[in-house]
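Okay, here's what each chain looks like letter by letter:
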Amino acid sequence: DAGVIQSPRHEVTEMGQEVTLRCKPISGHDYLFWYRQTMMRGLELLIYFNNNVPIDDSGMPEDRFSAKMPNASFSTLKIQPSEPRDSAVYFCASSPHLATNEKLFFGSGTQLSVL
Amino acid sequence: AQKITQTQPGMFVQEKEAVTLDCTYDTSDQSYGLFWYKQPSSGEMIFLIYQGSYDEQNATEGRYSLNFQKARKSANLVISASQLGDSAMYFCAMREGPETSYDKVIFGPGTSLSVIP
């Protein structure tokens, strides 16, 4: 299994531009999570999906952020317009089932820099 | 309220020595899972070890063991015989049970471990 695949690995953009981060979860995993990691706030859960349906987006910082999961093998996190404070590492993770012993499988992350 | 506390922002350990990384948590659920992840400087998140709230024995995975004290709500990670490659950030995480919201995994702030040759 290829694991969780994220792209791009690095993204540098200018303030005001639209940014789209992509994620392919592990096949057969029902849950997909988007996390943001910063020095100040650590790992924050932004949104997660169950069977392609968004369940909880309470962690999404503001309306500039949106996430979709059009099918079981693909999800996007979009920031429009981007701001310098959005600079962070964005992780996608997937999990097979809903159980307390199910660990998260993480992608390699996308390092986003907004200038 | 913070549900996962890691009180050691940074730790140093001599190579080949053992080290304990602290983690305390807060939950009202009886059923929950505790996890430790390692994040080296390359950035990926690596799963290390899992402990279930109903597990009677402490979890072990190679050089990693978890000192689970349920009554104190602590789940400390013990790394034996430290190696230079153990230098990394370590995150404690919890997946709560069905009484709360067991479809989320919450992470602590992390501990930075440096292994000294």
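Quick look at the structure, then.

Cut-off values and rules
Residues numbered from 1 in each chain as written. Chains lettered and ligands numbered in written order. Predicted model: local features only at pLDDT ≥ 70, side-chain atom pairs only at ≥ 80, totals over all residues. Heavy atoms only, no water. Helix = DSSP H or I, 4+ residues; strand = E, 2+ residues; numbered from the N terminus. Rg over C-alpha atoms; globule rule 2.2 N^0.38 Å. Buried < 20%, exposed > 50% of the residue type's maximum accessible area, 1.4 Å probe, protein only. Contact = heavy atoms within 4.5 Å. Areas by Shrake-Rupley, 256 points an atom, 1.4 Å probe, with all protein chains shown as cover. Disulfide = S-S within 2.5 Å. Polar contact = N/O pair within 3.5 Å; in protein donor to acceptor, adjacent residues only side chain to side chain. Buried area = accessible area lost by both parts, 1.4 Å probe. Nonpolar A, V, L, I, M, F, W, Y, C, P; charged D, E, K, R; others polar. Phe/Tyr/Trp six-rings, centres within 6.5 Å; stacked < 30°, edge-to-face > 60°. Core = buried A, V, L, I, M, F, W, Y, C linked by side-chain atoms within 4.5 Å. Salt bridge = Lys/Arg side-chain N within 4 Å of Asp/Glu carboxyl O.

Before going further, it helps to examine the overall build of chain B. Tallying secondary structure elements over chain B gives 0 helices and 12 strands in all. Each helix and strand of chain B, ordered N terminal to C terminal, gives the series β-β-β-β-β-β-β-β-β-β-β-β. Its C-alpha radius of gyration of 14 Å places chain B within 12% of the 13 Å reference for a compact globule of 117 residues. Structurally, chain B occupies a C-alpha span of about 45 × 25 × 20 Å along its principal axes. Looking at chain B as a whole, 48% of its 117 residues are labelled buried. Looking at chain B alone, contacts between residues at least 24 apart form 55% of all its contacts between residues at least 6 apart. In the form shown here, chain B has an accessible surface area of approximately 5,500 Å², with 49% of it arising from carbon and sulfur atoms.

We now examine the state of the cysteines. Inspection of the entire model under this criterion finds 2 disulfides over all chains. Residue pairing for cysteine 23 of chain A: its cysteine sulfur links by disulfide to cysteine 92 of chain A, the two sulfurs lying 1.8 Å apart. Negative torsions about the S-S bond denote left-handed disulfides, and the value of about -65 degrees found for cysteine 23 of chain A with cysteine 92 of chain A makes this one left-handed. In this pair, cysteine 23 of chain A is assigned in strand E3 (residues 19–24) and cysteine 92 of chain A in strand E9 (residues 88–95), connecting sequence segments 69 residues apart. Taken as a pair, cysteine 23 of chain A and cysteine 92 of chain A share a single burial class, namely buried. Between the sulfur atoms of cysteine 23 of chain B and its disulfide mate cysteine 92 of chain B the distance is 2.0 Å. On the sign convention where negative is left-handed, the bridge of cysteine 23 of chain B and cysteine 92 of chain B, at about -60 degrees about the S-S bond, is left-handed. Separated by 69 residues along the polypeptide, cysteine 23 of chain B in the loop between strand E3 (19–21) and strand E4 (24–25) and cysteine 92 of chain B in strand E10 (residues 88–95) bring together distant segments of the chain. Neither cysteine 23 of chain B nor cysteine 92 of chain B differs from the other in exposure class; each is buried.

Residue and element names in this part refer to chain B. With respect to the element layout, glutamine 6 can be found in the loop between strand E1 (4–5) and strand E2 (10–14). The exposure class assigned to glutamine 6 is buried, which follows from its relative accessible area of 6%. Within the local environment of glutamine 6, its side chain forms a polar contact with the backbone nitrogen of cysteine 92, the two atoms lying 3.1 Å apart. Within the local environment of glutamine 6, its side chain forms a polar contact with the backbone nitrogen of glycine 110, the two atoms lying 3.0 Å apart. Beyond its immediate chain neighbours, meaning those up to four positions away, glutamine 6 contacts Asp22, Trp36, Tyr90, Phe91, Cys92, Gly108, Pro109, Gly110 and Thr111.

Another aspect to go through is the interface of chain B and chain A. In this assembly, 21 residues from chain B lie in contact with 22 residues from chain A. Summed over both partners, the interface of chain B with chain A buries about 1,800 Å², with 59% contributed by carbon and sulfur atoms. Summed over the shared surface of chain B and chain A, the result is 5 residue pairs in polar contact (both at pLDDT 80 or more). Of all the elements in the fold, those that place two or more residues in the side of chain B that touches chain A are strand E5 (33–39), strand E6 (46–52), E10 and strand E11 (105–107) of chain B. Top element by residues in the side of chain B that touches chain A is E5 of chain B. It accounts for 4 residues. Class assignment for the residues of the side of chain B that touches chain A results in 10 nonpolar, 7 polar and 4 charged.

Geometry of an aromatic ring pair is reported as the spacing of the ring centres plus the angle between the planes. Applying the stated criterion to the full structure yields 13 aromatic pairs over all chains. Seen in terms of ring centroids, tyrosine 31 of chain A and phenylalanine 33 of chain A are 6.4 Å apart; in terms of plane orientation they differ by 25 degrees. Their pairing is stacked. With respect to burial, tyrosine 31 of chain A and phenylalanine 33 of chain A carry one shared label: buried. Linked through ring pairs, Tyr31, Phe33, Tyr35, Tyr48, Phe91 and Phe106 of chain A together with Phe35, Tyr37, Phe47, Tyr50 and Phe107 of chain B together constitute an aromatic cluster.

Another aspect to go through is the nonpolar core. Counting residues in each nonpolar core, the largest one holds 25 residues, and the members touching the most others are Leu21, Tyr25, Trp36, Ile49, Leu77, Tyr90 and Leu113 of chain B. The element that contributes the greatest number of residues to this core is E10 of chain B, accounting for 4 residues. Grouped together as the second largest cluster of nonpolar side chains are 21 residues, Phe49, Ala88, Tyr90 and Val114 of chain A included.

In a structure, side chains of opposite charge can pair up when their charged atoms sit close to one another. All names here are of chain A. Inspection of the entire model under this criterion finds 10 salt bridges over all chains. Glutamate 18 is the salt-bridge partner of lysine 78, the closest N and O atoms lying 3.9 Å from each other. With lysine 78 in strand E8 (residues 74–79) and glutamate 18 in the loop between strand E2 (10–13) and E3, this pair connects stretches of sequence that are 60 residues apart. For lysine 78, a relative accessible area of 30% puts it in the partly exposed group. Residue glutamate 44 is joined to arginine 36 by a salt bridge in which the shortest nitrogen-to-oxygen separation is 3.3 Å. A single burial state applies to glutamate 44 and to arginine 36, both of which are buried.

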